[in-house]
Amino acid sequence: DTEVTQTPKHLVMGMTNKKSLKCEQHMGHRAMYWYKQKAKKPPELMFVYSYEKLSINESVPSRFSPECPNSSLLNLHLHALQPEDSALYLCASSQRDTYQPSLGTGELFFGEGSRLTVL
Amino acid sequence: GIQVEQSPPDLILQEGANSTLRCNFSDSVNNLQWFHQNPWGQLINLFYIPSGTKQNGRLSATTVATERYSLLYISSSQTTDSGVYFCARLGGNQFYFGTGTSLTVIP
């Protein structure tokens, strides 16, 4: 059983909708990540949070808005998406701390993913 | 930038056969993982192996950091081994994924 939980598993939304993807980890990890994965491609990094601070934003369009309410929770708010944003969205966590990389391992743990379809 | 190459890109095996998947890096390795992505999309940790050799049941992995590669061995393959295998290495504060090996095991 994964210790990184994502909801919802599936989401269908229109281009004018506002929705959110949620992620929770129960391992006490310091860093959390959002990845986007298109079919037959490797995951692409979107955002990294470390100690609830945004440390990496890979030039993601503003229609994707991340939020980290605390070190265990990570949200991805979606607004005015395009059909090409349809993809599998993966949340991950690691013990490694971006600001103190010598502490903890970098082993990455993924949730089951949220499969998003934009109509 | 950091390059991560995997080979072969596609592999079809008869059930019971063995296979070796390879991951090459453009620079030195200090943090490497192997994942299996099942048909439902979940990425499952197989090995965290910055160096040396590890074994878990029918799977084993070896990383030779000085020569910039890692190998994943699958023995006595089963249909449930089908899916995509990714290696990923940590560079700075993010993970760089390889392009993956798509494995199909036929009964």
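Nothing here was measured: the structure is a model prediction, and the numbers come from that model.

Asks: I would appreciate a short explanation of the interface of chain A and chain B in the present structure.
Replies: The parts lose accessible area when they come together, and the size of an interface is often stated as this lost area. Across the boundary between the two partners, chain A contributes 24 residues, which contact 19 residues of chain B. Summing the contributions of chain A and of chain B, the shared interface buries around 1700 Å²; its carbon and sulfur component is 55%. The tally of links from chain A across to chain B stands at zero salt bridges. Applying the counting criterion to the chain A and chain B interface returns four residue pairs in polar contact (both at pLDDT 80 or more). Elements that contribute at least two residues to the side of chain A that touches chain B include exactly strand 4 (31–37), strand 5 (44–50), strand 9 (87–94) and strand 10 (108–110) of chain A.

Asks: Would you take a moment to explain the nonpolar core for this structure?
Replies: The nonpolar side chains of soluble globular proteins are, as a tendency, buried together. Among the nonpolar cores identified, the biggest contains 22 residues, and A:Trp34, A:Phe64, A:Leu76 and A:Leu78 are the most heavily contacted of them. Elements that contribute at least two residues to this core include exactly strand 2 (10–13), strand 3 (18–25), strand 4, strand 5, strand 7 (64–70), strand 8 (73–79), strand 9 and strand 11 (114–118) of chain A. Contacts of A:Phe64, omitting those with residues within four sequence positions, involve A:Met46, A:Phe47, A:Leu76, A:His77, A:Leu78, A:Leu81, A:Asp85 and A:Tyr89. Formed by 19 residues, the second largest nonpolar core is a distinct cluster that contains B:Val4, B:Leu13, B:Ile49 and B:Leu103.

Asks: Teacher, can you tell me more about the pattern of salt bridges here?
Replies: Two side chains of opposite charge can pair, provided their charged atoms sit close to one another. Under the criterion given, the structure shown has five salt bridges over all chains. For A:Asp85, the salt bridge goes to A:Lys36, with nearest N and O atoms at 4.0 Å. Of this pair, A:Asp85 sits in the loop between strand 8 and strand 9 while A:Lys36 sits in strand 4, and the two are 49 residues apart along the sequence. For A:Asp85, a relative accessible area of 2% corresponds to the buried category. Across the pair B:Arg89 and B:Asp27 runs a salt bridge whose closest N-O atoms are separated by 2.4 Å. With B:Arg89 in strand 9 (residues 83–91) and B:Asp27 in the loop between strand 3 (19–25) and strand 4 (32–37), this pair connects stretches of sequence that are 62 residues apart. Note on B:Asp27: relative accessible area 27%, which makes it partly exposed.

Asks: Is there a simple way to think about the side chain of B:Arg89 in this case?
Replies: All names here are of chain B. Note on Arg89: relative accessible area 3%, which makes it buried. Reaching out from Arg89, the side chain makes a polar contact with the side chain of Asp27 at a distance of 2.4 Å. In contact with Arg89, other than residues within four places in its own chain, are Ile2, Val4, Phe25, Asp27, Ser28, Asn30, Asn31, Leu32, Gln94, Phe95 and Tyr96.

Asks: Where do I start with the sheet that holds strand 7 of chain A in this structure?
Replies: Sheet strands pair via backbone hydrogen bonds, and the direction of the pair is either parallel or antiparallel. Residues and elements named next belong to chain A. Strand order in the open sheet formed by four strands is 1-3-8-7, with antiparallel pairing between adjacent strands. The open sheet terminates on both sides in strands that have one partner only, identified here as strand 1 (4–7) and strand 7. Neighbour-to-neighbour, the strand axes of the sheet open up by a mean angle of 20 degrees, direction not taken into account. Summarising the sheet, strand 3 and strand 8 pair through seven bridges and their orientation is antiparallel. Its bridge partner lying in strand 8, Lys19 is registered against Leu78.

What counts and what doesn't
Residues numbered from 1 in each chain as written. Chains lettered and ligands numbered in written order. Predicted model: local features only at pLDDT ≥ 70, side-chain atom pairs only at ≥ 80, totals over all residues. Heavy atoms only, no water. Contact = heavy atoms within 4.5 Å. Buried area = accessible area lost by both parts, 1.4 Å probe. Salt bridge = Lys/Arg side-chain N within 4 Å of Asp/Glu carboxyl O. Polar contact = N/O pair within 3.5 Å; in protein donor to acceptor, adjacent residues only side chain to side chain. Helix = DSSP H or I, 4+ residues; strand = E, 2+ residues; numbered from the N terminus. Core = buried A, V, L, I, M, F, W, Y, C linked by side-chain atoms within 4.5 Å. Buried < 20%, exposed > 50% of the residue type's maximum accessible area, 1.4 Å probe, protein only. Pairing = 2+ DSSP bridges. Axes fitted to C-alpha atoms, helices over the stretch in contact; angles between N-to-C directions.

Keep in mind these numbers describe shape, not what the thing actually does.
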